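# Structural overview for review
In case you want the letters, here they are:
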Amino acid sequence: IADSKLLIVNGMEYEHFIESLLENAGGDGKIVEASAGISPREDADGEHGADPHMWLDPHLVVTYVENIRDGLIEFDPEGEAVYRSNAEAYIVELKDLDAWIVEQVAQVPPERRLLVTNHEALGYFAERYGFTIAGTVIESFSSGASPSAGQMADLIGQIKSNGAPAIFLDASDNESLAQQIAAETGVNVVTDLHLESLTDGTPAATYIDMMKHNVTLIVNALK
């Protein structure tokens, strides 16, 4: 980071460590906030701030691409034609992905479009594609929080009452809490979503691969 000339961040406090890291690393590189200009979701009780997981809605990623494009052009004006061309081509891919997800989600009956996740990561995805967030193991936008016994009991009660068929976890999440809830409720635990990271090769080598992988797992578990 100290040697970089351009740093792209998600923003919305997602990189909560970045300010101290930049201060310690030094350097004077340009920072592009990819999510700039997008209105964030806020949690209902106002305790957890803004939801930074905007990239899980490809429609919003179009804004990411535009912000990154503009940042690159400002940094390297001579490359403007290439940046504009590449951005335009990728936006077409994102719109195609959005249409594909709509088609896939149509296979799930509306009453089964219920998402229970480890933490509150799929809000933008749910809003875009007509899902309901039926509960979270950890009532936070961060996976670093921990649920209380009361929150666990509440979630188990929610799942039993709303009939959510599955709990969805990121591949990096600790499964123990979700498995405990599954034992109490009888729902399936889907453990291989990639919500916040790519992989070296399949199944999430690129953003579009990641989204198709996640959507396929979600649709297959709910339909």
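On a predicted model such as this, the values are computed, not experimentally measured, just so you know.

## Let's talk about the sheet that holds strand β5 (residues 166-170)
With parallel pairing, four strands are arranged side by side in an open sheet as β4-β3-β5-β6. Across the chains shown, the open sheet's two edge strands, defined by having one partner strand only, are β4 (132-136) and β6 (188-193). Each strand axis lies, on average, 35° off the axis of its neighbour in the sheet, ignoring direction. Pairing between strand β3 (residues 114-117) and β4: four bridges, direction parallel. From the neighbouring strand, Leu115 faces β4, where its bridge partner is Ile133. The strands that helix α5 (residues 149-162) touches are β3, β4 and β5; relative to β4, the one it contacts most, it runs at about 145°. Against the sheet, helix α6 (residues 176-185) touches β5 and β6, its axis set at about 175° to β5.

## A word on the layout of surface pockets
Looking at the second largest pocket, its volume works out to about 300 Å³. What lines the second largest pocket is Asn10, Tyr14, Trp55, Val61, Tyr64, Val65, Tyr90, Glu196, Ser197, Leu198, Tyr207 and Met210. Every element with two or more residues in the lining of the second largest pocket is listed here: α2 (58-75) and α7 (207-222). The dominant element in the lining of the second largest pocket, judged by the number of residues it contributes, is α2, at three residues. When the residues that make up the lining of the second largest pocket are grouped by side-chain class, the tally is nine nonpolar, two polar and one charged.

## Considerations on a negative patch on the surface
A surface patch of negative charge is lined by Glu13, Glu19, Glu23 and Glu33. Locating Glu23 in the fold gives a position in helix α1 (residues 18-25).

## Side note on the environment of Ile167
Position of Ile167 relative to the elements: it lies in strand β5. For Ile167, a relative accessible area of 0% translates into the label buried. Each C-alpha atom of the pair Ile167 and Glu33 lies 32 Å from the other, and the pair is 134 residues apart in sequence. In contact with Ile167, other than residues within four places in its own chain, are Val116, Val137, Ile159, Ala178, Ile181, Ala182, Val187, Asn188, Val189 and Val190.

## So, the pairing of strand β1 (residues 6-9)
Judged by which residues are buried, β1 turns out to be one-sided: Leu7 and Val9 face inward and are buried, whereas Leu6 and Ile8, on the alternate face, are not. Of the strand pairs in this sheet, β1 and strand β2 (residues 30-33) are connected by four bridges, and their pairing is parallel. The residue of β2 that forms the bridge with Leu7 is Ile31.

## Description of α5
With 14 residues, α5 extends 20 Å between its outermost C-alpha atoms, agreeing within 8% with the 20 Å of an ideal straight helix rising 1.5 Å per residue. Buried within α5 are the following residues: Met152, Leu155, Ile156 and Ile159. Taken down its axis, α5 places every buried residue within 100° of arc, on the same side. At its buried positions, α5 is contacted by β3, β4, β5 and α6.

## A short note on unusual backbone geometry
Backbone geometry follows two general trends: most residues other than glycine have a negative phi, and most peptide bonds adopt the trans configuration. With an omega of 5°, the peptide bond running from Thr202 to Pro203 counts as cis. On the secondary structure map, Pro203 appears in the loop between β6 and α7. Despite not being glycine, Met12 shows a phi value in the positive range, around 60°. For Glu13, which is not a glycine, the phi torsion comes out positive at approximately 65°. Mapped onto the elements, Glu13 comes out in the loop between β1 and α1. Judged by relative accessible area, Glu13 falls into the exposed class, the value being 64%.

## Details of the pattern of salt bridges
Following the criterion strictly, the structure yields seven salt bridges and no others. Between Arg128 and Asp57 there is a salt bridge, with its nearest N and O atoms 4.0 Å apart. Taken together, the residues span a long stretch of sequence, with Arg128 in helix α4 (residues 123-129) and Asp57 in the loop between β2 and α2 at a distance of 71 residues. Through salt bridges with shared partners, one network takes in Arg41, Asp51 and Glu127.

Definitions and limits used
- Residues numbered from 1 in each chain as written.
- Predicted model: local features only at pLDDT ≥ 70, side-chain atom pairs only at ≥ 80, totals over all residues.
- Heavy atoms only, no water.
- Pairing = 2+ DSSP bridges.
- Helix = DSSP H or I, 4+ residues; strand = E, 2+ residues; numbered from the N terminus.
- Axes fitted to C-alpha atoms, helices over the stretch in contact; angles between N-to-C directions.
- Contact = heavy atoms within 4.5 Å.
- 1 Å grid on protein atoms, 1.4 Å probe; cavity = no way out; pocket = protein on both sides within 12 Å on 5 of 7 lines; lining within 4 Å.
- Points joined across faces, edges and corners; volume = space filled by probe spheres on them.
- Nonpolar A, V, L, I, M, F, W, Y, C, P; charged D, E, K, R; others polar.
- Patch = residues over 30% accessible without salt bridge, like charges linked within 9 Å, V, L, I, M, F, W, Y side chains within 5 Å.
- Areas by Shrake-Rupley, 256 points an atom, 1.4 Å probe, with all protein chains shown as cover.
- Salt bridge = Lys/Arg side-chain N within 4 Å of Asp/Glu carboxyl O.
- Lys, Arg positive; Asp, Glu negative; His and termini not counted.
- Charge placed at Lys NZ, Arg CZ, Asp CG, Glu CD.
- Buried < 20%, exposed > 50% of the residue type's maximum accessible area, 1.4 Å probe, protein only.
- Expected span 1.5 Å × (residues − 1).
- Arc of directions from axis to C-beta.

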